[in-house]
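# Inside the fold
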Amino acid sequence: NGELLVDDRNKYRSMRTRVQSSVLMIGGFALIVYLGHLFIALMIVVIQVLMAKELFTLARASHRERDGQPGFIRLNWYFFFTAMVYAYGRFLKKQFVNTISSDKILLMIFSGLIKYHTMICYLIYITGFVSFILTLKKRMYRQQFGEFAWTHMILFVVFAQSSFTVANIFEGIIWFLLPVSLIVINDIAAYLFGFFFGRTPLIKLSPKKTWEGFIGASVTTIISAFLLADIMGRSQWLICPRKDLTVSWLECDPDPVFKDVQYQLPSWITFVYVEVMPLQIHALVFGLFASSIAPFGGFFASGFKRAFKIKDFGDSIPGHGGMTDRMDCQACHFSSDFMVMAVFSYIYLQSFITSHNYTVESFLAQILAHLSKEELIELHLRLTNILLQQN
């Protein structure tokens, strides 16, 4: 009845199931991170598919007329994979070109697809749009357009966060691992603080959420962010960007954000100097966002489930519900007031951390993707003449 049952013994059984599932998930997650960028991206794809499946099923169940539009499930997945091709093609175009650039046959085959990627995706989408119009039936217009709107909302919910996540991964695993770790830490800390100390309900949408859990999790997350940044920032495997789609070991000259800088503490505290990585300062912002804003994604998911009178989005994970339930901090923030953690990480990274200087690799990827063989030869000759003129 919306009341907090502090001494409810059933919660211990739920906690045991939840802990067992969490240990398995964390172990599998650690293995995937060890395997590298490409495997993490594939994990994101699998999560996307599971989330889309759960949300598509919920969308169909929400309509009173259960028969629905014939073939619309196939059209749902058609639009889903169209969005996937567009999103991943946009973010991984440079890595793909660098991977096949040494094979002239593959480069010749895919050069047109790379160059006209956006137009190809648009034509694929328009084909689905026309198919939808042609299958409209009398006395079902409202339901069919409702399903069409549901499909596009789901695509936005799923891809708005995951496509940016993949972009973060190839900038360096740390830009994926650190935000996700903070979300996990905040979730676990909120659960534990609320489990043992929770007395004051936080929000009506989630009666089991407490102020004690929220505050305890916020302090834990911010401290963890500072410490994790120091640990992760010293691993080349985590900080080096991946410029192709291989799984080989990475070595790079660390970006200045990963190098220790000496700071003097304010004079009213002490005259002692401390050395920390700039990354640790940025991590405090990540921790603050993960603890104060990201939980509202969970509150949104709770309200969403209450609106449709369901306990969980699915049953993919014992003790946790469906994949969407576990990803709610990143997947359900399509409100204009709250941005998803993945999108926030990408925007913050591009705005305050990433150097936007042009590099040989970025120019080369564009050249190989857009110039013909004759144009490449002409470019080579012109560059040669310029260099000769400059001695």
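Here the structure is a predicted model, which is why all the values come from computation and not from measurement.

### Comments concerning the pattern of salt bridges
- Applying the stated criterion across every chain yields a total of 5 salt bridges.
- Salt bridges linked by common partners bring Asp230, Arg234 and Asp260 together as one network.

### A short note on the pairing of strand β2 (residues 206-210)
- Note that strand β1 (residues 201-203) and β2 share 2 bridges and pair antiparallel. Across the sheet, Ile203 pairs through a bridge with Ser206, a residue of β2.
- Here β1 folds back onto β2 in antiparallel fashion, the turn holding 2 residues.

### Comments concerning the UniProt feature "transmembrane region" (unreviewed entry) in the chain
- Here the UniProt feature "transmembrane region" (unreviewed entry) sits at residues 23-50, 71-89, 116-136, 148-167, 173-198, 210-229 and 281-301.
- Within residues 210-229, the helical portion is 95% and the strand portion 5%, while the C-alpha atoms at the span's ends are 28 Å from each other.

### Points about helix α16 (residues 360-370)
- Taken together, the buried positions of α16 are Ala365, Leu368 and Ala369. One side of α16 carries all its buried residues, which in axial view fall inside an arc of 100°.

### Overview of the nonpolar core
- Core analysis: the largest hydrophobic core is formed by 64 residues, its most contacted members being Phe80, Phe159, Ile174, Trp175, Leu238, Phe258 and Leu279.
- Put simply, the parts of the chain that give this core at least two residues each are α2 (37-61), α3 (72-91), α7 (141-171), α8 (174-197), α9 (211-232), α10 (236-239), α11 (278-292) and α15 (341-353).
- Tallying contributions element by element places α2 first for this core, with 11 residues.
- Counting the residues that make up this core, at least three belong to each of domain 1 (17-171) and domain 2 (173-355).
- Those residues in contact with Phe258 that lie beyond four places of it in its chain are Ile174, Trp175, Gly233, Ile239, Met277 and Leu279.

### With respect to the packing of aromatic side chains
- Per the counting criterion, the structure on display carries 27 aromatic pairs.
- Each ring, one from Phe80 and one from Phe81, has its centre 5.2 Å from the other, and the planes form 85°; the classification is edge-to-face.
- Between Phe195 and Phe196, the ring centres sit 4.9 Å apart and the planes meet at 75°, which makes this aromatic pair edge-to-face.
- On the basis of relative accessible area, Phe195 is assigned to the buried category, the value being 9%.
- Among the aromatic residues, ring-to-ring pairing joins Tyr78, Phe79, Tyr125, Phe129, Phe132, Phe145 and Phe148 into one connected group.
- One residue, Arg90, lies across the ring of Phe91, its end atom 5.0 Å from the ring centre.

### Some thoughts on a nonpolar patch on the surface
- A surface patch of nonpolar side chains, amounting to about 750 Å² of accessible area, comprises Tyr78, Leu113, Tyr116, Met119, Ile120, Tyr122, Leu123 and Ile124.
- Ranked by residues supplied to the nonpolar patch, first place goes to helix α6 (residues 117-134) with 5 residues.
- In this structure, Ile120 sits in helix α6.

### Things to note about the state of the cysteines
- Tallying each qualifying case throughout the model produces 1 disulfide.
- Across a sulfur-sulfur distance of 2.0 Å, Cys240 and Cys252 are joined as a disulfide pair. Across the S-S bond of Cys240 and Cys252 the torsion is about -90°, and the bridge reads as left-handed. Within this pair, whereas Cys240 is found in the loop between α10 and β3 (261-264), its partner Cys252 is found in the loop between α10 and β3, the two being separated by 12 residues in sequence.
- On the basis of relative accessible area, Cys240 is assigned to the buried category, the value being 1%.
- Exposure remark for Cys252: the relative accessible area of 24% places this residue in the partly exposed category.

### Thoughts on the side chain of Gln144
- Its location among the elements puts Gln144 in helix α7.
- Assessed through its relative accessible area of 0%, Gln144 is described here as buried.
- Side-chain polar atoms of Gln144 contact the backbone oxygen of Thr135, separated by 3.4 Å.

### With respect to the side chain of His37
- Within the secondary structure layout, His37 lies in helix α2.
- Since its relative accessible area comes to 2%, His37 is described here as buried.
- Filtering out sequence-adjacent residues up to four positions away, His37 remains in contact with Ile169, Phe170, Ile173, Trp237, Cys240, Arg242 and Leu250.

### A closer look at the packing of α3 against α6
- With their axes 10 Å apart at the nearest point, α3 and α6 run at an angle of 170° to one another. Relative to α6, the element α3 is oriented roughly antiparallel. Regarding α3 and α6, the two cross each other, and that crossing is left-handed. Contact residues: Phe72, Leu75, Tyr78, Phe79, Thr82, Val85, Tyr86, Gly89 and Arg90 in α3; His117, Thr118, Cys121, Ile124, Tyr125, Thr127, Gly128, Phe129, Ser131 and Phe132 in α6.
- Classifying every residue of the contact of α3 with α6 gives 11 nonpolar, 7 polar and 1 charged.

Conventions we followed
Residues numbered from 1 in each chain as written. Predicted model: local features only at pLDDT ≥ 70, side-chain atom pairs only at ≥ 80, totals over all residues. Heavy atoms only, no water. Salt bridge = Lys/Arg side-chain N within 4 Å of Asp/Glu carboxyl O. Pairing = 2+ DSSP bridges. Helix = DSSP H or I, 4+ residues; strand = E, 2+ residues; numbered from the N terminus. UniProt positions renumbered as here; feature names shortened; annotations may be inferred. Buried < 20%, exposed > 50% of the residue type's maximum accessible area, 1.4 Å probe, protein only. Arc of directions from axis to C-beta. Core = buried A, V, L, I, M, F, W, Y, C linked by side-chain atoms within 4.5 Å. Domains from an automatic or database assignment. Contact = heavy atoms within 4.5 Å. Phe/Tyr/Trp six-rings, centres within 6.5 Å; stacked < 30°, edge-to-face > 60°. Lys NZ or Arg CZ within 6 Å of the ring centre and 35° of its normal. Patch = residues over 30% accessible without salt bridge, like charges linked within 9 Å, V, L, I, M, F, W, Y side chains within 5 Å. Areas by Shrake-Rupley, 256 points an atom, 1.4 Å probe, with all protein chains shown as cover. Disulfide = S-S within 2.5 Å. Polar contact = N/O pair within 3.5 Å; in protein donor to acceptor, adjacent residues only side chain to side chain. Axes fitted to C-alpha atoms, helices over the stretch in contact; angles between N-to-C directions. Parallel < 35°, antiparallel > 145°, perpendicular 65-115°, else oblique. Left-handed = near helix turned anticlockwise from the far one by under 90°. Nonpolar A, V, L, I, M, F, W, Y, C, P; charged D, E, K, R; others polar.

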